[in-house]
Amino acid sequence: MLRIDDLRVNYGGIEAVKGVTFEVPEGEIVTLIGANGAGKSTTLRAIAGLVKPASGRIHLQAEDITGLSPDRIVSKGITLVPEGRHVFPDLTVLENLKIGAYLRTDSLEDDIRWVYDLFPRLKERSWQAAGTLSGGEQQMLAVGRALMSRPKLMMMDEPSLGLAPLVVKGIFEIIKEINRQGVTILLIEQNANMALHTADTAYVLETGRLTMSGTGRELLKDEAVKKAYLG
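Conventions adopted
- Residues numbered from 1 in each chain as written.
- Predicted model: local features only at pLDDT ≥ 70, side-chain atom pairs only at ≥ 80, totals over all residues.
- Heavy atoms only, no water.
- Phe/Tyr/Trp six-rings, centres within 6.5 Å; stacked < 30°, edge-to-face > 60°.
- Helix = DSSP H or I, 4+ residues; strand = E, 2+ residues; numbered from the N terminus.
- Buried < 20%, exposed > 50% of the residue type's maximum accessible area, 1.4 Å probe, protein only.
- Salt bridge = Lys/Arg side-chain N within 4 Å of Asp/Glu carboxyl O.
- Contact = heavy atoms within 4.5 Å.
- Pairing = 2+ DSSP bridges.
- Core = buried A, V, L, I, M, F, W, Y, C linked by side-chain atoms within 4.5 Å.
- UniProt positions renumbered as here; feature names shortened; annotations may be inferred.

K.L.:
For this particular structure, what's the right way to read the packing of aromatic side chains?
P.N.:
Aromatic ring pairs: the centre-centre distance and the angle between the two ring planes describe each pair. Summed over all chains, the structure comprises one aromatic pair. Aromatic pair F22 and Y203: ring centres 5.3 Å apart, planes at 50 degrees, arrangement tilted. Placement of the pair is F22 in strand β2 (residues 14-24) and Y203 in strand β9 (residues 201-206), with a sequence separation of 181 residues. Accessibility classification places F22 together with Y203 in one group, the buried group.

Given below as C-alpha cells:
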C-alpha cells in the first residue's frame, strides 16, 4: 500500500532521516521502533505532508504523493493520530469526531456509529468537552477522529504515551480490531514489546537509518533488539 524510497528529511542543518526505504503492505500492522530522536516521528510527519522531504519518494498504491499538502494526503486516504492526542479541548466529543471528517460532504451517521461501537465510552461522553476526558479517553477520541475520514492507512504516533498499562492493553486491542476491519496501520511506539507483539512487520530505526527488519515475532527473539529495547 505504501512505499518509502530513500527518504531524507532535514531539520535546519541536521539530517533527521537518512535515506530510509521500507514498505507497508496492505492489510498489515507495521511498526517502527527506536530510541527517542531516531527519526520515527519525522518519518510519519513527512508521509503526512507536515514536513517536506529533502529527497526521496513516497508512493501510496503506486501514486506518487511526495510533497503533497496535508489535506491532499488525507483526501488520498492517509490519516495521522499525533503524539499527545491533540484533541480540541473546548469542543465536545461529537464535535471532535466531525472535525475528523472535514473533507467529506456525505452523511457521517454510519461512521459515527462505527466509532461509538469501537469506543462505547465515547458514546457515553458524546456531549462532554474533550478537555475533561481522561488520557485514555482522549486517545480513543484521537483514534476515532482519524477514522472519520475513512482512511486506507492510519498512522499512529506513540498511542500508549502517558497511559496506564491496563488502558494501553485496551488501546492495542482496538488497534488490532481496526486492522481486522480493513484499515492498514503504521505504528510508532516506545513500548517496543507491545508493538512487536502486535505488528505483522517491524523495522528498527536508529539515528535516522533503518538497521533491522523482520516480522514482529522475529524481532522479539532477536538478542540485539532484546538488549536495546525490551530490557
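K.L.:
I would appreciate a short explanation of the pattern of salt bridges in the present structure.
P.N.:
Pairing is possible between side chains that carry opposite charge, provided their charged atoms lie close to one another. Enumeration according to the criterion identifies 17 salt bridges in this entry. For R125, the salt bridge goes to E137, with nearest N and O atoms at 3.0 Å. Of this pair, R125 sits in the loop between α5 (120-124) and α6 (135-147) while E137 sits in helix α6, and the two are twelve residues apart along the sequence. Using a relative accessible area of 22% as the deciding quantity, one classes R125 as partly exposed. When salt bridges that share partners are traced, they join R104, D106, D111 and R150 into one network.

K.L.:
Just to check I follow, could you spell out the environment of D111 for this structure?
P.N.:
When you line up the elements, D111 lands in helix α4 (residues 109-118). With a relative accessible area of 7%, D111 lands in the buried category. Separated by ten residues in the primary sequence, D111 and A101 place their C-alpha atoms 9.5 Å from one another. The residues contacting D111, other than those within four sequence positions of it, are R104, M148 and R150.

K.L.:
Mind showing me how you'd approach unusual backbone geometry here?
P.N.:
Working note: non-glycine residues mostly have negative phi, and peptide bonds are mostly trans. Although it is not a glycine, D6 adopts a positive phi angle of roughly 50 degrees. By the secondary structure assignment, D6 is in strand β1 (residues 2-11). Its relative accessible area of 36% is what places D6 among the partly exposed residues. Phi at R150 takes a positive value of approximately 55 degrees, unusual for a residue other than glycine. Along the chain, R150 turns up in the loop between α6 and β7 (153-157). The partly exposed category is assigned to R150, whose relative accessible area is 45%.

K.L.:
Looking at this model, I keep getting lost on the sheet that holds β2. Mind explaining?
P.N.:
By definition, the strands of a sheet pair up through backbone hydrogen bonds, in either a parallel or an antiparallel sense. If you walk across this open sheet you meet the four strands as β2-β1-β4-β5, and the pairing is antiparallel. At either margin of the open sheet sits one strand with a lone partner, and together these are β2 and β5 (63-64). With five bridges connecting them, β1 and strand β4 (residues 55-60) associate as antiparallel partners. From the neighbouring strand, R8 faces β4, where its bridge partner is S55.

K.L.:
Mind showing me how you'd approach the nonpolar core here?
P.N.:
Proteins that are soluble and globular tend to have nonpolar side chains buried together. Core analysis: the largest hydrophobic core is formed by 45 residues, its most contacted members being M154 and I178. Sequence-distant contacts of M154, that is, excluding residues within four places in its chain, are made with T79, V81, V143, A146, L147, I178, V183, T184, I185 and L186. Counting residues in each nonpolar core, the second largest holds 29 residues, with I4, V17, V30 and L32 among its members.

K.L.:
Would you mind going over the UniProt feature "domain: ABC transporter" (unreviewed entry) in the protein chain with me for this structure?
P.N.:
The feature "domain: ABC transporter" (unreviewed entry), as given by UniProt, occupies residues 2-230 in the numbering adopted here. As annotated, residues 2-230 has a helix share of 38% and a strand share of 27%, and its two end C-alpha atoms lie 28 Å apart.

K.L.:
How should the environment of V20 be read in this particular structure?
P.N.:
Tracing the chain through its elements places V20 in strand β2. Distance in space between the C-alpha atoms of V20 and T211 is 9.8 Å, their sequence separation being 191 residues. Excluding its chain neighbours within four sequence positions, the residues that come into contact with V20 are I4, D5, D6, L7, L205, G208 and L210.

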